[in-house]
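# Breakdown of the fold
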Amino acid sequence: MPSHLQSDELVFFVNGKKVTEKNADPEVNLLSYLRKNRTKYACGGGGCGACTVMVSKYDLLSKKIRHYAATACLLPICSLYGAAVTTVEGIGSTRTRIHPVQERIAKGHGTQCGFCTPGMVMSLYTLLRNHPEPSPEQLTEALGGNLCRCTGYRSILESSKTFCAESNCCQMKGTGKCCLDEEENQTSSSHQKNDKICTQLYAKEEFQPLDPTQDLIFPPELLRMAEDPNKETLTFYGERITWISPVTLKELLELKVKYPKSPLVVGNTSVGPAMKFQGHFHPILLSPARISELSMVTNTNDGLTIGAGCSLDQVKQILTDEVSKLPEEKTRTYQALLKHLKSLAGQQIRNMASLGGHVMSRHGYSDLNPILAAGNATLNLVSKEGRRQIPLNEHFLAGLPNADLKPEEILESVHIPHSEKWEFVVAFRQAQCQQNALPDVNCGMRVLFKECTDTIAGLGLFYGGIRSTTVSAHRSCQQLLGRDWNTLILDEAFRLILDEISPPASAPGGMVEFKRTLIVSFFFKFYLEVLQGLKKIIKMTSIPNSHRYPDISEKFLSALEEFPVTISRGVQEFQRVDPNQPPHDPVGRPILHQSGIKHATGEATFCDDLPVVDKELFLALVTSTRAHAKIISIDASEALGLPGVVDVITAEDIPGTNGTDDDKLLAVDEVLCVGHITCAVVAESEVYAKRAAEKVKIIYQDQEPVIFTTKDAIRHNSYLCSEKKLEQGNVEEAFENADQIIEGEMHVGGQEHFYMETQRVLVVPKAEDKEMEIFVSTQDPSHVQKTVSSTLNIPINRITCHVKRVGGGFGGKVSKPAVYGAIAAVAANKTGRPIRLVLDRREDMLTKGGRHPLFAKYKVGFMNNGRIKAMDIECYINGGCTLDDSELVIEYLILKLENAYKINNLRFLGRACKTNLASNTAFRGFGFPQGGLLMESCITAVATKCGLPPEKIREKNMYKRVDKTIYKQAYSPDKLIRCWNECLDKSSYHTRKAKVEDFNSKNYWKKKGIAIVPMKFSVGFGVTSYHQAAALVHIYTDGSVLVTHGGSELGQGIHTKMLQIASRELKIPMSYMHFCETNTATVPNTIATAASIGADVNGKAVQNACQILLKRLEPIIKKNPEGTWEDWVKAAFEKRISLSATGYFRGYKANMDWEKGEGDPFPYYVEGAACSEVEIDCLTGAHKNIRTDIVMDASCSINPAIDIGQIEGSFIQGLGLYTIEELKYSPEGVLHSQGPDEYKIPSVTDIPEEFNVSLLTSSENPMAIYSSKGLGESGMFLGCSVFFAISDAVTAARKERGLTEDFMLNSPATPERIRMACTDRFTEMIPIDDAKTFKPWSIPIA
Ligand SMILES: Cc1cc2nc3c(=O)[nH]c(=O)nc-3n(C[C@H](O)[C@H](O)[C@H](O)COP(=O)(O)OP(=O)(O)OC[C@H]3O[C@@H](n4cnc5c(N)ncnc54)[C@H](O)[C@@H]3O)c2cc1C
Ligand code: FES
Ligand code: FES
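Residues numbered from 1 in each chain as written. Chains lettered and ligands numbered in written order. Predicted model: local features only at pLDDT ≥ 70, side-chain atom pairs only at ≥ 80, totals over all residues. Heavy atoms only, no water.

### Side note on the UniProt feature "binding site: [2Fe-2S] cluster 1" (unreviewed entry) in the protein chain
Basically, it comes down to this: UniProt positions are given in the numbering used here, feature names are shortened, and annotations may be inferred rather than shown by experiment. Only DSSP runs of H or I with at least four residues qualify as helices, and only runs of E with at least two residues qualify as strands; both kinds are numbered from the N terminus onward. Classification of residues uses two cut-offs on accessible area relative to the type maximum, computed with a 1.4 Å probe and protein chains only: under 20% is buried, over 50% is exposed, and between them is partly exposed. Contacts: residue pairs with any heavy atoms within 4.5 Å of one another.
On the UniProt side, "binding site: [2Fe-2S] cluster 1" (unreviewed entry) is annotated at positions that read Cys-43, Cys-48, Cys-51 and Cys-73 here. The greatest C-alpha distance among the annotated residues, which extend across 31 residues, is 10.2 Å, indicating that they converge on a single site. Tracing the sequence through the fold places Cys-43 in the loop between helix H1 (30–34) and strand E3 (52–59). A residue is classified by how much of its surface remains accessible, and Cys-43, at 7% relative accessible area, is buried. When sequence neighbours within four positions are dropped, the list of residues in contact with Cys-43 reads Cys-48, Phe-277, Arg-841 and Pro-1236. For Cys-51, the position within the fold is in the loop between H1 and E3. Those residues in contact with Cys-51 that lie beyond four places of it in its chain are Leu-31, Thr-39, Lys-40, Ala-70, Thr-71, Ala-72 and Cys-73.

See below:
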């Protein structure tokens, strides 16, 4: 802070308590400020909703209090003057009383890792504060900005729906069709009631009612402050930035003259991310929040004038109101705006972002500017000199100086005129997924006709997503004036528009051909929609020559229907426990996650929730900007000279070993990928550390070769390990005898873990004996411990790793936390002070790697009846620059590749390619999701060739009896066949398939698809030493029991299951049990919690410990059989019987001889099947997930709620992998996808409208505890049923267009791939650039 200037006091309330900040820093956002309050950081850019809080402000104009959800990571604290903030701990806690929202999300099993939960709770709480009985649509909107990577959302929605007004209709169709219509819904009939089956995962009747008296009141002091007539300009001086908040428009305009370059910060959703992520810097920020002129709304004769300071959500409400009051013909622009306002960003951003900020940001992707421009909106400007108006047209959008604001001017309001009777305004948008995703392309289009004719009198076409700002097809519009609105203009219009605004071949954002196609497809939709509109007017008016308007056949009308945003529903079926099971025995019951309530109240502590430790320092990583280069020098002098910087850590500071020769913790001499960690800065705060990290100068000399793609790696013979091969039968001979052979290639993209809690670690060095305490978010604490030990060259016994809980892992926290932990430990060792390292989302995605992309070549020989005789498949995974888990991944991929099929002649070859990308690592399913998709694609290709339905080919080739797998392990397919048949039945597959065909015959631009896939998934590590676990169980003298084991809680409910097991074994209720943390000092030498066997092996160890203890207690119990547990424990203590026991499980002996290609690598299999139905829009590539039915064998589930949660969550993660999630790399190997803006994971509206899961009944698994099964990973693969349903729909479209059905859809089936596969006259007319003539924005690396 400039020392001579005195800041004003910042006054606001947090959870009912007054906060007075004397030195508020404008650079500090509410999230950093609240970190002590446990609001969660997950992305920092407003894109995930983890940090959602409720902001309440008194609005002087309406004299009402406005409550709205906001993302704390984008709220500067200075913007909160006079506001009341409510966070998750402000609405309820276990110490006082939990709030019904917290109760319902937790008890409805809507939490797994719990990291997203406080944000979810706050979004829902805010909704209820405004609408105590929300509609399902309001619910979906409110949760649309909150991402959850674990649950798959169904459980969250289900429990949230209990707040909606009771309705007999599920409203699932969103189109007025109801689930109660039997024709529409076969769920009730196929999911039959049965004594053995239970469908109730929680008791709704136990929920507390919503009680508004529990809510905090708006502080009266803030009311007084708002109404104070003597308010004054506030100024907050930070270290680098000053924030000025004037009270009157006059003052603001004077300030604008004084600081013409300073931005007006309203929602900060544009300025904030630019300052955070793009290095923009503004020494002065002006806040117009207290100026009421900017919030005025005025109705005029010809339209509506909306204050620039109104939030986008307020704009939505204002427009909704207008649409309900005015005749339809006047509101066409408003309706178009409303359409986009529903899908633009998440609710939190719509609450914060202002209309003025949106217009003035002029983002190329802006969803509103194209419509405002098309609708002839004008901008009302004001400055000290007076007021004037400018049109919001292409010149303004292009930022031309004579069409723009002058530096001293501000935007006061936006005038949006009414539309006219013969005028139509229409908008379209296509994004990677339905909601909360920036558009790939959008548009606002307007046409005005000469009265009572179809002659174009005015035309405006504005497109977004094409260039850096909205573009106008102005010339094309001019040329089309005077033309009639019929098919004759179409081709000419397409050509003109493409010529005028086609994105260049190397345009940022890529997808150039797709975008070009959308440009024309949107125009075509516009044409049809206007034609419909004209026909409607003509119907109402008697117009001569009405025959001039061409009819649109029913079949083509589907082009106009938008996919409705609907709320998911479904049935979850599982086996009821035996009625004779004692009531206190919790095994087999849907017990609530042990931390569920704490997740929902925010009391659950994650690594970075640990309070600041005395003398703590912060670490920031410095990463390579080159893909393959020699390090010539590292110059940290400038960084070291910055305030707050303590040290810079390089490889030279490592006292022990620096990783391995091929995989160093800190780079030495050479970097192997962009994102390679070179050194790290230690500073007094996170901000100082990050600022200094940017100032470390590294000189590189680029090296050859630079390899990014699998094909390049094959060319350079660049591999990470030896090839893996399995073969059975006589492949060559079988090919010779086959009726037909198909050959081809397939690409499956990678995947980012996107756990909500980024990697983080806190290392606390001790004063004595080089001891170190490490608090880390990891799936493998022993690996962190060992790595730190070898890095510091101190014995393992000095290092203790603690894992309380992990905010999602999915494989990404198996090997990588050891790297971050060891680097932090080096810093702690060197400085002697505690070190905290919290990766921001960008660093996390850049440095950690993810799922291996796959490139495969296949050759399949088969008979005309669909029987597959032979397969020869080569798989190449992109492993990145170091080995990590790539050898295991390619081994598992090959071992699991056959999936559910018994094919006698097989040859599978696998290679892990070494490339100059961040090293890929373990990820849920470990290669199987990629390999399984490939196998199913081959099956689908065979079906196409044979002209048979894919399910027939699947059935024909599926295991039918006990047989040997390709690696000669015996396999019995009973459960596979049961799952398959039950899935066919429960999904009413055949009836619905006929309906899909019927729909397709009636609709040209929309197609439905349905697919069913079987699954055989092998569980466990193929390594014997990984099949072991230990547990430590203590009974204390009051009878309470402390259970500890070697597994980490990742959200999969392992601790809950362990307590259920201990409860059954010790024969006492779960209320006696407690689990504290996973800790390498209590249970040493743990194995990674992965491969779906965490609960299997640790459960057996807990069981063993409990059995030992019970045996010790037996003589005492025998002596006093009527005694209580407490009596027996007390007696045992007095008799000097140890009440503590270690349990151990020596598990499965896995073996695999790769020389011979045989072994018994896996203890058992999980079987399942899934059927999915989708609808695609052939013109845009969008798709809607209509219904999914999953049948899975969980055998005797220990906890059906947890197991169903795992199935649903992994299925939705698989759906993401196969249809939405796409990592993009530049030709220089830079990962473009560095956060939720660029990398989409499924959100609440992406899940199937109907989502049913059922677990097989009467099934056993002797290999695992209580005959259960590990279900952590398998559901992931079943997500591919959606992929094949899409493929089915695309095939239908292609067939109708007379195209060869012989096509291979690569994964993910994004809107781009779907659209481009539905080849038609539009895809054929777009210009295609010669690949040799330009440098693309991104390159495919699979
Ligand atoms: C996570 C996320 C998702 C998003 N998704 C979408 C999306 O799907 N579609 C989409 O279109 N947009 C999207 N956006 C962008 C969003 O719409 C804009 O950031 C927002 O509208 C800007 O408004 P603001 O009030 O936050 O602007 P601020 O960041 O406060 O200001 C932005 C700019 O506007 C100027 N400004 C503001 N008010 C005035 C005024 N009265 N007079 C003169 N200048 C002014 C400021 O000087 C500044 O330069 C997203 C943003 C985020 C963070
Ligand atoms: S939205 Fe704030 S952390 Fe993601
Ligand atoms: S429970 Fe939602 S992210 Fe883990």
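Alright, that's what it looks like, and here's the rest.
### Details of the sheet that holds strand E11 (residues 303–307)
Operational definition: Strand pairing is defined by DSSP finding a minimum of two bridges between the two strands. Helix axes use the C-alpha atoms of the stretch in contact, all axes being lines fitted to C-alpha atoms, and the angles between their N-to-C directions lie in the range 0 to 180 degrees.
Strand order in this open sheet of 5 strands is E10-E11-E14-E12-E13, and the pairing throughout is antiparallel. Strands with a single pairing partner mark the edges of an open sheet, and in this sheet they are strand E10 (297–300) and strand E13 (386–391). On average, each strand axis in the sheet is tilted by 20 degrees relative to the strand beside it, whichever way the strands run. In this structure, strand E12 (residues 378–383) lies alongside E13, joined through 6 bridges in antiparallel fashion. Of the residues in E13, the one forming a bridge with Leu-379 is Ile-390. Packed onto the sheet, helix H9 (residues 249–258) meets E12, E13 and strand E14 (410–417) and runs at close to 115 degrees relative to E14. Contacts from helix H12 (residues 332–343) reach E11 and E14 within the one sheet, and its direction differs from that of E14 by about 120 degrees.

### Points about the site of ligand 1
Under the convention used in this document: Nearness is defined per residue: one heavy atom within 4 Å of the molecule or strand is enough. Here a polar contact is taken to be a pair of N or O atoms separated by no more than 3.5 Å, where protein atoms must pair a possible hydrogen donor with a possible acceptor and residues adjacent in sequence count only if both atoms sit in side chains. Here the accessible surface of atoms and residues is derived via Shrake-Rupley with a 1.4 Å probe, and residues count as covered only by protein chains that are part of the display. Each residue gets one label: Ala, Val, Leu, Ile, Met, Phe, Trp, Tyr, Cys and Pro are nonpolar, Asp, Glu, Lys and Arg are charged, and the others, such as Gly, are polar.
Neighbouring ligand 1 are 34 residues; Val-266, Thr-269, Val-271, Ser-354 and Asp-367 lie closest to it. For ligand 1, an oxygen atom lies 3.1 Å from a polar atom in the side chain of Arg-429. A total of 980 Å² of accessible area belongs to ligand 1 in isolation, and the protein chains cover 93% of it. When residues of the shell around ligand 1 are assigned to their parent elements, the largest contribution, 5 residues, is made by helix H14 (residues 355–361). Residues that form the shell around ligand 1 fall into these classes: 18 nonpolar, 13 polar and 3 charged.

### Some details on helix H32 (residues 974–986)
For an α-helix, 3.6 residues make a turn, and residues three or four places apart therefore share a direction. As a reminder of what qualifies: Given the number of residues in a helix, its expected span is that number minus one, multiplied by 1.5 Å.
When the terminal C-alpha atoms of H32 are compared, their 18 Å separation across 13 residues agrees well with the 18 Å that a helix rising 1.5 Å per residue should span. Restricting attention to buried positions, one finds in H32 the residues Leu-976, Cys-979, Trp-980, Cys-983, Leu-984 and Lys-986. Looking one or two residues beyond H32, the residue adopting positive phi is Ser-988, at roughly 50 degrees.

### Details of the side chain of Ser-383
Inspection of the secondary structure puts Ser-383 in strand E12. Given a relative accessible area of 7%, Ser-383 falls into the buried group. When neighbours within four sequence positions are excluded, Ser-383 is seen to be in contact with Leu-253, Glu-408 and Glu-409.

### As for the sheet that holds strand E8 (residues 242–245)
Pairing is mixed across the open sheet formed by 3 strands, whose spatial order is E7-E8-E9. Of all the strands in the sheet, just strand E7 (234–237) and strand E9 (284–286) have a single pairing partner and so form its edges. Within this sheet the neighbouring strands show an average axis-to-axis angle of 15 degrees, counted without direction. Both E7 and E8 contribute to a ladder of 4 bridges, which runs antiparallel. For Leu-234, the partnering residue across the bridge sits in E8 and is Ser-245.

### Remarks on the UniProt feature "binding site: Mo-molybdopterin" (unreviewed entry) in the protein chain
Residues annotated in UniProt with the feature "binding site: Mo-molybdopterin" (unreviewed entry) correspond here to Gln-779, Phe-810, Arg-924 and Ala-1091. In terms of the greatest pairwise C-alpha distance, the residues named above, spread along 313 residues, form a tight cluster of at most 12.2 Å across. In contact with Phe-810, other than residues within four places in its own chain, are Arg-149, Cys-150, His-753, Tyr-755, Gln-779, Ala-922, Phe-923, Arg-924 and Gln-1213. Topologically, Ala-1091 is positioned in the loop between strand E41 (1078–1079) and helix H35 (1094–1119). A residue is classified by how much of its surface remains accessible, and Ala-1091, at 11% relative accessible area, is buried. Setting aside residues up to four positions removed in sequence, Ala-1091 forms contacts with Val-1019, Gly-1020, Phe-1021 and Glu-1273.

### Some words on the pairing of strand E28 (residues 760–765)
With respect to burial, E28 is a largely interior element, 6 of its 6 residues being buried. By the alternation rule, side chains of E28 split into Arg-760, Leu-762 and Val-764 and Val-761, Val-763 and Pro-765, which are all buried. The sheet contact formed by E28 and strand E31 (residues 835–838) spans 4 bridges and is antiparallel. For Val-761, the partnering residue across the bridge sits in E31 and is Leu-837. As defined by bridge partners, E28 adjoins strand E29 (residues 772–776) across 5 bridges and the pair is classed as antiparallel. Within E29, the residue paired with Val-763 across the bridge is Ile-774. Counting the residues that bridge the hairpin from E28 to E29 gives 6 residues, and of these Asp-769 lies at a positive phi of roughly 50 degrees.

### Concerning the nonpolar core
Note on soluble globular proteins: their nonpolar side chains tend to be buried together. Applicable threshold: Take the buried residues of types Ala, Val, Leu, Ile, Met, Phe, Trp, Tyr and Cys, join any two whose side-chain atoms come within 4.5 Å, and each joined set is a nonpolar core.
Grouped together as the largest cluster of nonpolar side chains are 270 residues, with contacts concentrated most on Leu-461, Tyr-463, Trp-485, Phe-523, Phe-526, Cys-875 and Leu-934. A per-element tally of this core places helix H19 (residues 512–540) first, with 15 residues. Dropping the residues within four chain positions of it, Phe-523 is found in contact with Met-445, Leu-461, Tyr-463, Trp-485, Leu-490, Ala-493, Phe-494 and Ile-497. Residues Leu-74, Met-352, Leu-405 and Ile-416 belong to the second largest nonpolar core, which totals 69 residues.

### Points about unusual backbone geometry
With omega at -10 degrees, the peptide bond leading from Glu-704 into Pro-705 counts as cis. On the secondary structure map, Pro-705 appears in the loop between strand E25 (697–702) and helix H24 (710–715). Note that the residue after Ser-1307, namely Pro-1308, is joined by a cis bond; omega there is 0 degrees. Counting through the fold element by element, Pro-1308 comes out in the loop between helix H39 (1280–1296) and helix H40 (1311–1317).

### Things to note about helix H28 (residues 841–848)
Counting buried positions over the 8 residues of H28 gives 7, a clear majority of the element. Restricting attention to buried positions, one finds in H28 the residues Arg-841, Glu-843, Asp-844, Met-845, Leu-846, Thr-847 and Lys-848. Of the surrounding elements, those touching the buried residues of H28 are strand E20 (617–623), strand E24 (677–683), helix H23 (686–693), helix H27 (816–831) and E31. For H28, the side-chain oxygen to backbone nitrogen distance between the N-cap and Arg-842 is 3.1 Å, and the N-cap itself is Asp-840. Gly-849, located one to two residues past H28, shows a positive phi value of around 75 degrees.

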